[in-house]
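Close look at the chain arrangement
For reference, the chains in residue letters:
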Amino acid sequence: MTDSIAEISTHAPTIDKNEYISRALDLMDKHKTRRLLVLREGEVYGVLTLRGIMRTLGRRRTSIISPSSLHVTSAVTDNYIINSGGMSVE
């Protein structure tokens, strides 16, 4: 069980904050995941979730804009915890 957790955390799919949501959706589909780590200059900027994307696309002011025109930053959340390796999973 510990090996699979370590593998997930070391090989998490990432995307740059300046990419478009359509690219993020392609990466999520490719990696079969609902979450991507968002990076800014190589550092963690936030987390992009499928739920966050759907909320953004469902907003009244963005509902007429296509995912290929919206940046990842419009749907990213900064509500995350970084585990430095010393924290317990339980």
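An account of the accompanying structure is given in this report.

Another point: a positive patch on the surface. Together, Arg34, Arg35, Arg51, Arg55, Arg59 and Arg61 make up a positively charged patch on the protein surface. Examined against the element boundaries, Arg59 turns out to sit in the segment after helix H3 (50–58). For Arg59, a relative accessible area of 39% gives the class partly exposed.

Position of Thr56 among the secondary structure elements: in helix H3. According to the relative accessible area criterion, Thr56 is buried, its value standing at 1%. From its side chain, Thr56 meets the backbone oxygen of Gly52 in a polar contact 2.9 Å long.

Moving on: the nonpolar core. If you look at the biggest cluster of nonpolar residues, it comprises 12 residues: Ile15, Ile21, Ala24, Leu27, Met28, Leu36, Val38, Leu48, Ile53, Leu70, Val72 and Ala75. Only helix H2 (21–31) and strand S2 (35–40) provide two or more residues apiece to this core. A per-element tally of this core places H2 first, with 4 residues. With residues near it in sequence (within four places) discarded, Ala24 still touches Ile15, Leu36, Leu48 and Val72.

A few words on unusual backbone geometry. For Lys32, which is not glycine, the phi dihedral falls at a positive 55°. Mapping Lys32 onto the fold places it in the loop between H2 and S2. The class of Lys32 is exposed, set by a relative accessible area of 72%. One non-glycine residue, Glu41, lies in positive phi territory at about 55°.

Rules behind the numbers
Residues numbered from 1 in each chain as written. Predicted model: local features only at pLDDT ≥ 70, side-chain atom pairs only at ≥ 80, totals over all residues. Heavy atoms only, no water. Patch = residues over 30% accessible without salt bridge, like charges linked within 9 Å, V, L, I, M, F, W, Y side chains within 5 Å. Areas by Shrake-Rupley, 256 points an atom, 1.4 Å probe, with all protein chains shown as cover. Salt bridge = Lys/Arg side-chain N within 4 Å of Asp/Glu carboxyl O. Lys, Arg positive; Asp, Glu negative; His and termini not counted. Charge placed at Lys NZ, Arg CZ, Asp CG, Glu CD. Helix = DSSP H or I, 4+ residues; strand = E, 2+ residues; numbered from the N terminus. Buried < 20%, exposed > 50% of the residue type's maximum accessible area, 1.4 Å probe, protein only. Polar contact = N/O pair within 3.5 Å; in protein donor to acceptor, adjacent residues only side chain to side chain. Core = buried A, V, L, I, M, F, W, Y, C linked by side-chain atoms within 4.5 Å. Contact = heavy atoms within 4.5 Å.

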